[in-house]
Amino acid sequence: MKLCISHKKDIDGITAAALVKAVTGSELKLVDYNELLEALEGAEGYEEVYICDLGMIGSKTEEELSAFRRIASSSKLVYIDHHRIAPKVKAKIRRMGVVCVHSEKDCASVLVYDHFKESLPEEASLLAACAAVTDYLDDGPIAKKLISRYERMFVYLNAGMLAYALSRRAKDRDFPYKLAEWLSKFQPPYKIPGLMELAKDRMDQIWGLMKELKEKAERIGNLGFVKSNFGDCGLVANLLTGVLGVPVGMAFTSSGDMYKISLRGSEGCRWDLGRLADEISGELGGMGGGHRKASGAVIPKSKLDEFVRSLAERLKS
Ligand SMILES: [Mn+2]
């Protein structure tokens, strides 16, 4: 018996799982980052275990490493990923006898494809190429070569359909498994039953949302902001930058007596939104952080106006 634990939240993780399944016949366990440790607990007793597209969480690294060590002592363990990993941790993993396929330059599916290419049909490269597009790594050294085997738009359109269908079905826990099953048969995505309709539905949602944002969103200087009733604050904040033509978009949604906030930066964003989210939320009794152009925070509801004013002020210079 073989097992593949992979990321369930995006097309890269699901495609990586599908390719591993196609080659090894592995059982699949699709999880989110914070569920890796739990999944590792149930991974004993298999001959081979594959872990794909799941970066280690800083605060849990020690526990994850001891789970790796336990599994590697009785099974073949293969770790295929592209998230940043401390060189020390990577060396530790290798010393345990784990096969570690890692590069930050290509997405997990492309690394899986490359690792198994002798055992995969040519068609599998289309799926890896699509995954690279959805993970913003179409510029990766291996991905570039795979994409160039196809007509460019054929790859981008199939990739977009996969990503949109998945986000349309975000609440359906079985959908990632169904998608992995279809992809493991190497069908071009557009032939997957119902996929185009789901993608179209998602486009309708997004188009409607953009129109709604035009009416509801507010702006102070470089900052556009809106309360999101739609859920996906990251998406809304992202759309806002385009709809209002501002460098920074902010969307927030109610969560108990706190607001959850997402910040997104467009091309012209020259501020570190991760640092700003951390600083301002800290000053207001909340918490936050993230990347330069994508970050988040949680703050007490009463502090919302202050957060907006303070952020807009810092985006002046
Ligand atoms: Mn990925």
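Residues numbered from 1 in each chain as written. Predicted model: local features only at pLDDT ≥ 70, side-chain atom pairs only at ≥ 80, totals over all residues.

Trainee: For the overall build of the protein, give the residues involved together with the corresponding values.
Mentor: For the protein, the helix and strand inventory stands at 13 helices and eleven strands. Taken against the 2.2 N^0.38 rule, which gives 20 Å for 317 residues, the C-alpha radius of gyration of the protein at 21 Å falls within 12% of a compact globule. Its C-alpha atoms give the protein principal-axis dimensions of roughly 55 × 45 × 35 Å. For the protein, with 317 residues in total, the buried portion stands at 43%. (Helix = DSSP H or I, 4+ residues; strand = E, 2+ residues; numbered from the N terminus. Rg over C-alpha atoms; globule rule 2.2 N^0.38 Å. Buried ≥ 20, exposed ≤ 12 C-beta atoms within 10 Å, placed from the backbone.)

Trainee: Can you explain the sheet that holds strand β8 (residues 248-255)? Please cite residues and give values.
Mentor: Strand order in the open sheet made by the six strands is β6-β7-β8-β9-β11-β10, with mixed pairing throughout. Two strands in the sheet have a free side with no partner beyond their single neighbour: β6 (218-220) and β10 (287-290). Looking at each pair of strands side by side, their axes are set apart by 20° on average, direction ignored. Of the strands in this sheet, β6, β7 (223-227), β8, β9 (258-265) and β11 (294-300) touch helix α13 (residues 304-314), which is tilted by about 160° from β7. (Pairing = 2+ DSSP bridges. Axes fitted to C-alpha atoms, helices over the stretch in contact; angles between N-to-C directions. Contact = placed C-beta atoms within 7 Å.)

Trainee: So, the domain arrangement of the protein: which residues are in play, and what are the values?
Mentor: On domain assignment, one finds that the protein holds domain 1 (2-197) and domain 2 (217-314). Distance from the C-alpha centre of domain 1 to the C-alpha centre of domain 2: 31 Å. (Domains from an automatic or database assignment.)

Trainee: Explain the packing of helix α8 (residues 152-168) against helix α10 (residues 195-216) to me, and be specific about the residues and the numbers.
Mentor: Relative to each other, α8 and α10 sit at 70°, their axes nearing to 8 Å. Accordingly, the angle class assigned to the pair α8 and α10 is roughly perpendicular. Where α8 abuts α10, its residues Gly 160, Met 161, Tyr 164, Ala 165, Ser 167 and Arg 168 lie against Leu 195, Met 196, Leu 198, Ala 199, Asp 201, Arg 202 and Met 203. When the residues that make up the contact of α8 with α10 are grouped by side-chain class, the tally is eight nonpolar, two polar and three charged. (Parallel < 35°, antiparallel > 145°, perpendicular 65-115°, else oblique. Nonpolar A, V, L, I, M, F, W, Y, C, P; charged D, E, K, R; others polar.)

Trainee: Which residues make up the nonpolar core, and what values go with them?
Mentor: Core analysis: the biggest nonpolar cluster contains 66 residues, and Ala 17, Leu 19, Cys 52, Val 110, Ala 129, Cys 130 and Ala 132 have the highest contact counts within it. Each residue touching Ala 129, except ones within four places of it in the same chain, is listed here: Ala 143, Leu 146, Ile 147, Tyr 150 and Val 155. Membership of the second largest hydrophobic core comes to 28 residues, among which are Leu 213, Cys 233, Leu 244 and Val 248. (Core = buried A, V, L, I, M, F, W, Y, C linked by C-beta atoms within 7 Å.)

Trainee: Give me the environment of Glu 181: which residues, what numbers.
Mentor: Structurally, Glu 181 is set in helix α9 (residues 175-183). Note on Glu 181: 14 C-beta atoms within 10 Å, which makes it partly exposed. Separated by 94 residues in the primary sequence, Glu 181 and Arg 275 place their C-alpha atoms 40 Å from one another.

Trainee: Which residues make up the sheet that holds strand β1 (residues 2-7), and what values do they have?
Mentor: Overall, parallel pairing links the five strands, which are arranged β2-β1-β3-β4-β5 in an open sheet. Every other strand in the sheet has two partners, leaving β2 (27-31) and β5 (99-102) as the edge strands with one partner each. Across the sheet, the mean angle from the axis of one strand to that of its neighbour is 15°, orientation sign disregarded. Pairing of strand β4 (residues 76-81) with β5, which is carried by four bridges, proceeds in the parallel orientation.

Trainee: Residue-level account of the environment of Lys 8, with values.
Mentor: Inspection of the secondary structure assignment puts Lys 8 in the loop between β1 and α1 (11-24). For the pair Lys 8 and Ala 180, spaced 172 residues apart in sequence, the C-alpha to C-alpha distance is 9.7 Å.

Trainee: Break down unusual backbone geometry for me, with residues and values.
Mentor: With phi around 55°, Asp 53 is a residue other than glycine that occupies positive phi space. Take Asp 53: it is sitting in the loop between β3 (48-52) and α3 (61-72). Looking at Asp 53, the number of C-beta atoms within 10 Å reads 30, which means it is buried. A positive phi angle is found at Tyr 136, which is not glycine, with a value near 55°. One can find Tyr 136 in the loop between α6 (124-134) and α7 (141-147).

Trainee: Tell me about the environment of Gly 285, and name the residues and values.
Mentor: Inspection of the secondary structure puts Gly 285 in the loop between α12 (273-283) and β10. By the C-beta count within 10 Å, which is 11 here, Gly 285 ends up exposed. When sequence neighbours within four positions are dropped, the list of residues in contact with Gly 285 reads Pro 300 and Lys 303.

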